[in-house]
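What the coordinates show
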Amino acid sequence: KLTSGDLEPIPFERHQIRGSSAGPMQVDALERLITRVDEKGGNTKAMKKQLLIQAIRSKDLPKTEQLIEKLKGEGYLIGSGVSALLFELYTINNKIDEAKKVYDQIKAEDAEFSFDDSKTIKFVLALVENDRFDEAITFLETHKRENVPENTNYTYNNACWRILNFLAEKGDVAALNK
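These lines cover the structure that appears in this document, whether it is placed above or below. This is a predicted model, so every value here is computed, not measured.

How each quantity is defined
Residues numbered from 1 in each chain as written. Predicted model: local features only at pLDDT ≥ 70, side-chain atom pairs only at ≥ 80, totals over all residues. Heavy atoms only, no water. Buried < 20%, exposed > 50% of the residue type's maximum accessible area, 1.4 Å probe, protein only. Helix = DSSP H or I, 4+ residues; strand = E, 2+ residues; numbered from the N terminus. Arc of directions from axis to C-beta. Core = buried A, V, L, I, M, F, W, Y, C linked by side-chain atoms within 4.5 Å. Contact = heavy atoms within 4.5 Å. Salt bridge = Lys/Arg side-chain N within 4 Å of Asp/Glu carboxyl O.

1. Points about helix H7 (residues 133-142)
Every buried residue of H7 is accounted for by Phe133, Ala136, Ile137 and Phe139. For H7, the angular spread of buried residues about the axis comes to 165°, placing them on one side. Those residues of H7 that are exposed and angled more than 90 degrees off the buried face are Asp134, Glu141 and Thr142.

Have a look at this one:
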C-alpha cells in the first residue's frame, strides 16, 4: 500500500518542544519561570545565571544592568565567564569605562584569564573610535598572542579593517602606521 498512487500527503505537524533542546528561553519567560520556582521554594541559582546570560546575549543593556543590581543585592556572585560576556556587551555599547571596570575585576579575580581575540579586538575598536588610541595600543601590546592563527573569523577581520578605515578616514598617518 505504501507504493500506491492513491496516497495523499498531509502537512507535518511540529510540536513545540520545551527544554534545552529547543534552544534558549527568552528573558521574560525565564523571569516568569524563576518567579514560579521561587514561590514554590525551589532553587533558582542556575536559572538566574541563565537569565543573566540571556539578558546579555539579547544586548539589552538597561535590562542587564537592572538584573545585575538585583542579583548582587541577593548575594549572587558573577563568574569570570559571564563577566567576559558583560565586558563584550559594554564594549558593543561603547561603554568603555564600564568595560574596563569589568576587565579589571576579572583580572583581579583570575590573573590568568584571557579574552578571546574577538572580544579583544572589539574593545580595541571601541577605544579607537572614542579617540583613545594610546590606550588601544597599550591594550593590544598587553594582549599579544604568541601564535596568531592564520584563519581568523569574520568578526575579527572585520573589526581590524574597521580600525584601519577609521584611522585612515581620520587622516592620522602616524597612528595608522603603528
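So, next bit.
2. Focus on the nonpolar core
One recurring pattern in soluble globular proteins: nonpolar side chains tend to sit buried together. Counting residues in each nonpolar core, the largest one holds 45 residues, and the members touching the most others are Leu52 and Phe87. Excluding its chain neighbours within four sequence positions, the residues that come into contact with Phe87 are Ala99, Val102, Tyr103, Phe115, Lys119, Phe123 and Phe139.

3. Observations regarding the pattern of salt bridges
Pairs may arise between side chains of opposite charge once their charged atoms sit close together. One pass over the full model with this rule turns up 10 salt bridges. Between Lys119 and Glu88 there is a salt bridge, with the nearest N and O atoms lying 3.5 Å from each other. One end of the pair, Lys119, is in helix H6 (residues 117-129); the other, Glu88, is in helix H4 (residues 80-92), and 31 residues separate them in sequence. Two residues, Asp97 and Arg132, come together in a salt bridge whose shortest N-O distance is 3.2 Å. Pair noted here: Asp97 is in helix H5 (residues 96-109) and Arg132 is in the loop between H6 and H7, with a separation of 35 residues, a long-range link. Classification of Asp97 as partly exposed rests on a relative accessible area of 46%. Connected through shared salt-bridge partners, Glu88, Asp116, Lys119 and Lys122 make up one network.

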